[in-house]
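Architecture at a glance
Listed below are the residues making up each chain.
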Amino acid sequence: MNCVDSSYINVSTGVPQGSILGPFLFLVYINDIVNATNYFSVRMYADDTSLTAAGSDLAILLNTVNDELNNIHEWLCANKLTLNTGKTKYLIFQPIQKQTYNLYLPLKLSDEYLNHSYSVKYLGLILDSHLSWQNHIDYISKKISKSLNIMTKVKKYLGKKALISIYYSLVYPYLMYGCILWGNNYNASLSPIIRLQNRAIRIINDVDYFEHITPHYVDLGFLKFPDIVKSQTCLFFFDHMHDAKPSSFGLTLISEQHNYSTRSASSQLLSIPRYRTNLRKFCPSVIGCYFWDDLPISAQKQTSKSQFKKSLHQYYFSQY
């Protein structure tokens, strides 16, 4: 085999692709984009950046966004960056009851029209304009289904322990990732996920389709998907309540709302925020309070996350 030596060349801009230092230098280079606007909320993760704005009047909102996009374009030009407008999309989040199909004012950046989409994939989650999560559920259902087909084909060559490993490698991550958002949903929307998880259990334990599935969850020590969602939501609350993460939820205990003694003075129950719609009810900040308040006091008072996680598993598992 002949080896070919390439010549050296000086890099005047950017960094070599695949370098260890590259991602860090890129983040340092772009992290001042937040100073380019006083209107947008800017969220950045690696090279994925999202801008969000809210308003009660859609026409005024779109006009203001168009004006503010000029500031973003100026920042890009000043930093010698080019935006791939073909991959840049915008969504209009609104309840399905208020959706109209009139022609909205299009958004423009550098005299190029941006693509108006009804769904977009962001950090592995598919967001839709109604926040129904139906597109994401359909997407991961297909992914899980393919993994189950693999399990079915290799089942005759592998034992139960290996099938469990495949389940935790190819199926469980889809059930876990972001489930506190899309997993708090209507039962009808989640039914495909539940059926697929049941199918995985039937493959692992070689269970007939008409046989009751719950005893096999017990046999394997697995939590059902709805309980996975509850468990992950409560763990999220645990981090916020113990200051492991910065909290914008404003979680308050019932006992903290009064200056006088009440029957709940020594409890760990959370005050449930007010809501008017089911969309708001399914928000982790609201429905999570219900999940937390349903926990036994012994679990609520845990200070160790590992012990709290163990208590959650025992509590939900005991209900099977």
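Heads up: these notes are all about the structure in this document. For clarity, every value in this text was computed on a predicted model and none was experimentally measured.

**Structural notes on the overall build of the protein**
From N to C terminus, the protein includes 12 helices and eight strands. For the protein, the C-alpha atoms occupy an extent of roughly 75 × 60 × 45 Å along the three principal directions. Residue burial in the protein is summarised as follows: out of 320 residues, 33% are buried. Excluding contacts between residues fewer than 6 apart, the proportion of contacts in the protein whose partners are at least 24 apart in sequence is 58%. Here the protein has roughly 20600 Å² of accessible surface; of this, 54% comes from carbon and sulfur atoms. Of note, the protein has its 30 positive side-chain charges centred 9 Å away from the centre of its 22 negative side-chain charges.

**Focus: the pattern of salt bridges**
In this structure the tally under the stated criterion is three salt bridges. One salt bridge connects Asp-219 with Lys-160, and the closest N-O pair in it is separated by 2.9 Å. Here Lys-160 lies in helix H4 (residues 160-176) and Asp-219 lies in helix H7 (residues 214-220), a separation of 59 residues in the sequence. A residue is classified by how much of its surface remains accessible, and Lys-160, at 37% relative accessible area, is partly exposed. For Lys-305, the salt bridge goes to Asp-239, with nearest N and O atoms at 3.0 Å. In this pair, Lys-305 sits in helix H12 (residues 305-317) while Asp-239 sits in helix H8 (residues 225-241), placing the two residues 66 residues apart along the sequence. Residue Asp-239 is classed as buried on the basis of its relative accessible area of 7%.

**Considering the side chain of Thr-233**
Relative to the helices and strands, Thr-233 resides in helix H8. Not counting chain neighbours up to four residues away, the residues in contact with Thr-233 comprise Ile-180, Asn-184, Pro-284, Gly-288 and Phe-291.

**What to know about unusual backbone geometry**
Working note: non-glycine residues mostly have negative phi, and peptide bonds are mostly trans. The backbone of Lys-80 sits at a positive phi, close to 55 degrees, despite the residue not being glycine. Relative to the helices and strands, Lys-80 resides in the loop between helix H2 (58-78) and strand E3 (89-90). Using a relative accessible area of 77% as the deciding quantity, one classes Lys-80 as exposed. Of note, Ser-110 is a non-glycine position whose phi angle comes to about 55 degrees, a positive value. Counting through the fold element by element, Ser-110 comes out in the loop between strand E4 (108-109) and strand E5 (112-113).

Reading the values: the criteria
- Residues numbered from 1 in each chain as written.
- Predicted model: local features only at pLDDT ≥ 70, side-chain atom pairs only at ≥ 80, totals over all residues.
- Heavy atoms only, no water.
- Helix = DSSP H or I, 4+ residues; strand = E, 2+ residues; numbered from the N terminus.
- Buried < 20%, exposed > 50% of the residue type's maximum accessible area, 1.4 Å probe, protein only.
- Contact = heavy atoms within 4.5 Å.
- Areas by Shrake-Rupley, 256 points an atom, 1.4 Å probe, with all protein chains shown as cover.
- Lys, Arg positive; Asp, Glu negative; His and termini not counted.
- Charge placed at Lys NZ, Arg CZ, Asp CG, Glu CD.
- Salt bridge = Lys/Arg side-chain N within 4 Å of Asp/Glu carboxyl O.

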